[in-house]
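Structure at a glance
Residues per chain are reported as follows:
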Amino acid sequence: MSTASTASRDPEPVERYAFGMLVGDELCGTAGRDVEDPSTGDSVAMVPDASREDVDRAVQAARRAQPGWQALGIDGRSELFSSSLI
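Residues numbered from 1 in each chain as written. Predicted model: local features only at pLDDT ≥ 70, side-chain atom pairs only at ≥ 80, totals over all residues. Heavy atoms only, no water.

Some details on the packing of aromatic side chains
The way to describe two aromatic rings as a pair is by their centre distance and the angle between their planes. To be explicit about the condition: Each Phe, Tyr or Trp ring (for Trp, its six-membered ring) is paired with any other whose centre lies within 6.5 Å, and the angle between the two planes then decides the class: stacked below 30 degrees, edge-to-face above 60, tilted in between.
In total, this model carries 1 aromatic pair according to the counting rule given. For the pair Trp 69 and Phe 81, a centre-to-centre distance of 5.8 Å together with 85° between the ring planes defines the contact as edge-to-face.

Details of a nonpolar patch on the surface
So the rule is basically this: Patch criteria: residues need more than 30% relative accessible area and no salt bridge. Like-charged residues are merged within 9 Å; nonpolar side chains of Val, Leu, Ile, Met, Phe, Trp and Tyr are merged within 5 Å. Shrake-Rupley sampling with a 1.4 Å probe provides the accessible areas, and residues are treated as covered by the protein chains on show and by no other component. For this analysis, a salt bridge means a side-chain nitrogen from Lys or Arg found within 4 Å of a carboxyl oxygen belonging to Asp or Glu. Secondary structure elements follow DSSP: runs of H or I no shorter than four residues count as helices, runs of E no shorter than two count as strands, and numbering proceeds from the N terminus.
Among the surface-exposed residues, Trp 69, Leu 72, Leu 80 and Phe 81 lie close enough to one another that they form a single nonpolar patch of about 390 Å² accessible area. Among the secondary structure elements, Phe 81 is positioned in helix H1 (residues 52-84).

A look at the pattern of salt bridges
Rules: Classification of residues uses two cut-offs on accessible area relative to the type maximum, computed with a 1.4 Å probe and protein chains only: under 20% is buried, over 50% is exposed, and between them is partly exposed.
Counting across every chain of the model gives 3 salt bridges. Between Asp 49 and Arg 33 there is a salt bridge, and its shortest N-O distance comes to 2.9 Å. With Asp 49 in the loop between strand E5 (43-48) and H1 and Arg 33 in strand E4 (residues 32-36), this pair connects stretches of sequence that are 16 residues apart. What makes Asp 49 partly exposed here is its relative accessible area of 33%. For Arg 33, a relative accessible area of 52% puts it in the exposed group.

Describing the confidence of the model for the protein
Using the following cut-off: On a range of 0 to 100, pLDDT expresses the predictor's confidence in each residue.
Of all residues in the protein, 74% attain a pLDDT of 70 or more, and the chain-wide mean is 80. Here strand E1 (residues 17-18) stands out as the element of the protein with the lowest mean pLDDT, 68, in contrast to H1, whose mean of 91 is the highest.

Thoughts on the pairing of E5
Operational definition: For two strands to be treated as a pair, DSSP must find no fewer than two bridges joining them.
Looking at chain direction, E4 and E5 are connected through 5 bridges and run antiparallel. When the bridges of E5 are listed, Val 35 appears paired with Ala 45. Following E4, the chain reverses through 6 residues before pairing antiparallel with E5; Gly 41 in that reversal takes a positive phi of roughly 80°.

A look at the environment of Pro 48
Within the fold, Pro 48 resides in strand E5. Along the sequence, Pro 48 and Ala 31 sit 17 residues apart, while their C-alpha atoms lie 5.6 Å from each other.

Now the structure itself:
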């Protein structure tokens, strides 16, 4: 009986992404922590740390935006998302 060999190969290089937080119209939270691929230990992304103030501003911005978002209705929200993906 023969067994197939599993030749080890070097993994493809992973592109590293960095994410910020958009709160209202302000980009914040640029300091952050690395996210590692558990299979390789490689850093694949940096995600921002949110301060208490960042969270408070995000909640305030969401509360201000909610009435307009609700007024769009499901069709308007769907169209907005679809147009931003093109």
